[in-house]
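Coordinate analysis (summary)
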Protein chains: 2
Amino acid sequence: MSVSRDAVARLLLNRFGSSSVLLGEDVRERPVSKQIVSGCEALALLRPADTQELANMVRFCVEHELPMVPRAGMTGLVGGTVTSPDEVALSLERMNRVVSVDRDAQTAVVQAGTPLQAIHEAVQAHGMQFPLDLGARGSATIGGMLSTNAGGNKVLRYGMTRDLVLGLEVVLPDGQVMNSMYSLLKNNTGLDLKQLYIGTEGTLGIITQAVLRLFPSTDDRHAALCAFESFDAMVQMLNLMRAHAGPALSSYEVMWNAYYALVTQPGRLRAPLSRDYPLYALIECEYPERGQSAQNGERFAQTLQTAMEQGLVIDAVIAQSESERGALWRLRDEVHYIRTLSPIYSFDVSLPIGQMQTYLRSLRSELQARWPDAVFIVYGHVGDGNLHLAISCGGKEDAHTVEQLVYEPLAAIGGSVSAEHGIGLYKKPYLQFSRNPVELAVMRSVKTALDPKNLMNPGKIL
Amino acid sequence: MSVSRDAVARLLLNRFGSSSVLLGEDVRERPVSKQIVSGCEALALLRPADTQELANMVRFCVEHELPMVPRAGMTGLVGGTVTSPDEVALSLERMNRVVSVDRDAQTAVVQAGTPLQAIHEAVQAHGMQFPLDLGARGSATIGGMLSTNAGGNKVLRYGMTRDLVLGLEVVLPDGQVMNSMYSLLKNNTGLDLKQLYIGTEGTLGIITQAVLRLFPSTDDRHAALCAFESFDAMVQMLNLMRAHAGPALSSYEVMWNAYYALVTQPGRLRAPLSRDYPLYALIECEYPERGQSAQNGERFAQTLQTAMEQGLVIDAVIAQSESERGALWRLRDEVHYIRTLSPIYSFDVSLPIGQMQTYLRSLRSELQARWPDAVFIVYGHVGDGNLHLAISCGGKEDAHTVEQLVYEPLAAIGGSVSAEHGIGLYKKPYLQFSRNPVELAVMRSVKTALDPKNLMNPGKIL
């Protein structure tokens, strides 16, 4: 740069004005992540009013060789939005509208800065649902979810973010606007450009708008909490549910004993089943067909009955009302109780279901060999092959050892160091356990081709 | 090249042997496409026995700067596998095995040269289905379907090829083997490399193996042929079926009168309903839940009854047996009767359902203004927004005019010049109607980055 940092910051402010450019203290009081609620270090925080202004800002940054880091709802868990004092933070918080909802076409057009919950509410008003859902729905924005290809509670039925998008608008690293705002289910015209940008954490450009797929809304949901004696019984129950409910099976969320016991400690959540079973699953079916709710409820109960008669399920409770269903979901959603443990290391991995039992056993014994009082908490979207792990042991200096123990065995069993959270900064050292050198070289080639100056969220993922 | 074409061909033969390398007449007797059953022009046709041999062949071609054109089942319709005499054709016909089927993980590993029908049969033997299906199943190979992101009969329910793949193995343009043979549903570790290669018609590398997603097999299918007075009634019925059957609605195949009348001419297929209705839809629901077939059949019939009472459907027949269901599907599958017309121009477009009626009316009147006796045949996967058009008019010199009439209006309404067939050579001049210059530039950057010598299926798509 030929001008000083301060001079560039002033240039930005003069060029785009104070509603679009924050400097100094206004930047520092911004959150860094869900855990770190302030302390953002960045040369400036840019808040464009629309795509055109963002494009102008990107061109300014290219001219001054300023690295750009997109921010979203700051609920990410991999450090994907961490900025350094020489980088510019880009926030789409002013681009937060649901632009349109088309009920016949089953699509919604949304700006990237829109929180997930606002999308849910807007489409619900049209009798539709956007099935992407997760605990952070109040603050997570769709732009952040697109950039990390977020998963969540209904992946089993509807897929991840990647599967729920038809079109995108992206500001490219040179400030050009790529309009790929298609609403077509089928479009075989070369490279699927939206797939190129989804899940690449802002390293190839900034997603500004999207065309989302909608589905008919329904309140015909049936949920139960089941307890199991063994991992095998829990997997057999998953297969039974798949056979009996088909695509209506929307969630199969498993909680190992340590997790269930933690969230149901006295003063926390009420335990609907004894706290002594080895495994629990929150099972939900969602039926979109009209006018079949009573029959569906009966079928759901009948399947559970069958499972109990077969000895697969040893105890169970079916939600009899929306509030009971809500109470069951809180057991799974209120993961924040994990943060009462310290130190705590959290992980998001995926692996074939057939490998889970061995992987967990071996990891547990490795941990206990090093730290006899290690706390090992496991829960997750087992139907998707996705486990969340929370481990409390040792001191802060042991983080790297724990990470190695968790990630390294995944390479041999075809697992992934990141099922739904992404790579960002924090998982970058472990990407090698899920991606081989040839794959990494292909990713680097694409990055270099599309962002030759390496200004888009540099140093993240790769 | 420093050596002559003939010398290179001899070098290839010496290096890889006669079971892997065909030259001269052996090449020329090969099909060019489904329509052109022989006449392949290529310097040589390479038939590697395995991925390693293919990788060695690619390295040989790079060394001698030989362009490579992957071939598959030769059922493509866009000239994606056309070779020139200076190019080498690569066929994966010897790599045609279903390597493994994992019932618990619901996956199959297949080599790219395996015909679709062989995959169907192999997984059916394990009580599973691979739901990708289309008329050319006997000869289309999975490699070709991956390279074009094929669609077919059950996209409404299961998605296109892109949605049914978990992992890939690809030989890159420099001969390196990229092993991305994951079987994970969730894998957020940077760029989704499989999505980069699916649908790019061999321009970025050669897919050699894939991990496919399977689903439980079922014979609980209910099909009906319905007739409609109007386009609006047909769309209302689609929405009614969506509401009543939810994700069980697997096909909604519409045939306009000219198509239905053509395939049910005397001596062709039997017409289950009068040949005089404006529109017909072949509607199928597929229920994977176990032990509900009788109830599902009743629900299906009840929904049709409701539609008739509401005046949406004016005539209908429900298949009462597998053979009756097969007869209904033949009406849709035996599209070959279209080739009795000459000249015949065929198209595969997609566009929002809300735009279809206006688009078709305007196209019909444009055609009839120029050629008063033009035959205009429309059918397709309306549930997916995908229409197939077959137009017979004028002489061979009119092809370009007809193509312009079909493709040009799609730009303004956000349509696609290719819903499921791809771009290849034949649709390349019209790609500009579906992709803007910024998008094309991004595609070109990726192509150049990954295939800097432009040796992988050069001149296709871009």
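Residues numbered from 1 in each chain as written. Chains lettered and ligands numbered in written order. Predicted model: local features only at pLDDT ≥ 70, side-chain atom pairs only at ≥ 80, totals over all residues. Heavy atoms only, no water.

For chain A, the count of helices and strands is 14 helices and 18 strands. Relative to the compact-globule value of 23 Å for 462 residues, chain A shows a C-alpha radius of gyration of 23 Å, a close match. Along the three orthogonal principal directions, the C-alpha set of chain A runs to about 75 × 55 × 45 Å. Scored against the burial criterion, the 462 residues of chain A give a buried share of 60%. When contacts within chain A are restricted to residue pairs at least 6 apart in sequence, long-range pairs at least 24 apart make up 71% of them. When the accessible area of chain A is evaluated, it comes to approximately 17100 Å², of which 48% is carbon and sulfur surface. (Helix = DSSP H or I, 4+ residues; strand = E, 2+ residues; numbered from the N terminus. Rg over C-alpha atoms; globule rule 2.2 N^0.38 Å. Buried < 20%, exposed > 50% of the residue type's maximum accessible area, 1.4 Å probe, protein only. Contact = heavy atoms within 4.5 Å. Areas by Shrake-Rupley, 256 points an atom, 1.4 Å probe, with all protein chains shown as cover.)

Residues and elements named next belong to chain A. Pairing is mixed across the open sheet formed by 4 strands, whose spatial order is 1-2-4-3. A strand with exactly one partner marks an edge of an open sheet, and here the two such strands are strand 1 (21-22) and strand 3 (68-71). Note that strand 3 and strand 4 (residues 88-91) share 4 bridges and pair parallel. Within strand 4, the position partnered with M68 by the bridge is V88. Contacts between helix 3 (residues 51-63) and the sheet are confined to strand 2 (44-46), strand 3 and strand 4, with strand 3 contributing the most and set at about 150° to the helix. (Pairing = 2+ DSSP bridges. Axes fitted to C-alpha atoms, helices over the stretch in contact; angles between N-to-C directions.)

We now examine the interface of chain A and chain B. Contact with chain A, which involves 77 residues of that partner, is made by 77 residues of chain B. A buried area of about 6000 Å², summed over both sides, lies between chain A and chain B, and 56% of it is on carbon and sulfur atoms. Of the charged contacts in the structure, one is a salt bridge between B:E420 and A:K186, with a shortest N-O distance of 3.0 Å. No other element matches helix 14 (residues 437-450) of chain A, which puts 8 residues into the side of chain A that touches chain B. (Buried area = accessible area lost by both parts, 1.4 Å probe. Salt bridge = Lys/Arg side-chain N within 4 Å of Asp/Glu carboxyl O.)

Applying the stated rule across the entire model yields 38 salt bridges over all chains. A salt bridge links A:K154 to A:E286; the nearest nitrogen and oxygen atoms lie 2.8 Å apart. One end of the pair, A:K154, is in the loop between helix 5 (142-148) and helix 6 (155-158); the other, A:E286, is in strand 14 (residues 279-286), with 132 residues separating them in the sequence. Relative accessible area serves as the criterion here: at 9%, A:K154 is assigned to the buried category. Its salt-bridge partner being B:R332, residue B:E253 comes within 2.7 Å of it at the nearest N-O pair. Of the two residues, B:E253 is situated in strand 13 (residues 249-256) and B:R332 in helix 11 (residues 322-333); the sequence distance between them amounts to 79 residues. There is no split in this pair, since B:E253 and B:R332 are both buried. One network of salt bridges, in which partners are shared, links A:R30, A:R47 and A:E93.

A word on the domain arrangement of chain A. Residue and element names in this part refer to chain A. Assigned domains within chain A: domain 1 (5-91), domain 2 (98-216), domain 3 (221-334) and domain 4 (341-420). With centres defined by C-alpha atoms, the gap from domain 1 to domain 2 works out at 23 Å. Between domain 1 and domain 2 lies a buried interface of about 1100 Å² when both sides are counted; carbon and sulfur atoms form 69% of it. On inspection of domain 1 and its partner domain 2, the count reaches 0 salt bridges. For the side of domain 1 that touches domain 2, the leading source of residues is helix 3, giving 6 residues. (Domains from an automatic or database assignment.)

Within the structure shown, the criterion is met by 18 aromatic pairs over all chains. Between B:Y430 and B:F433, the ring centres sit 6.4 Å apart and the planes meet at 20°, which makes this aromatic pair stacked. Judged by relative accessible area, B:F433 falls into the buried class, the value being 13%. Three or more aromatic residues link up through ring pairs in this structure, and these residues are A:F347, A:Y407, A:Y430 and A:F433. (Phe/Tyr/Trp six-rings, centres within 6.5 Å; stacked < 30°, edge-to-face > 60°.)

For the pair chain A and chain B, the relating rotation is 180°, the translation along its axis is 0.0 Å, and the fit reaches an RMSD of 0.0 Å. The symmetry that links the two subunits is that of a two-fold axis. When the interface residues of chain A are mapped onto chain B, 100% of them again fall at the interface, so both copies present the same face. (Least-squares fit on C-alpha atoms with pLDDT ≥ 70 in both.)

What follows deals with the packing of helix 8 (residues 231-245) of chain B against helix 12 (residues 353-370) of chain B. Residue and element names in this part refer to chain B. Closest axis-to-axis distance for the helix 8/helix 12 pair is 11 Å, and the angle between their directions is 160°. As judged from the angle between their axes, helix 8 and helix 12 are roughly antiparallel. Between helix 8 and helix 12 lies a crossing whose hand is right-handed. Taking contact as the criterion, the partners of F231, V235 and L238 in helix 8 are, on helix 12, I353, M356 and Q357. Class assignment of the residues belonging to the contact of helix 8 with helix 12 gives a composition of 5 nonpolar, 1 polar and no charged. (Parallel < 35°, antiparallel > 145°, perpendicular 65-115°, else oblique. Left-handed = near helix turned anticlockwise from the far one by under 90°. Nonpolar A, V, L, I, M, F, W, Y, C, P; charged D, E, K, R; others polar.)

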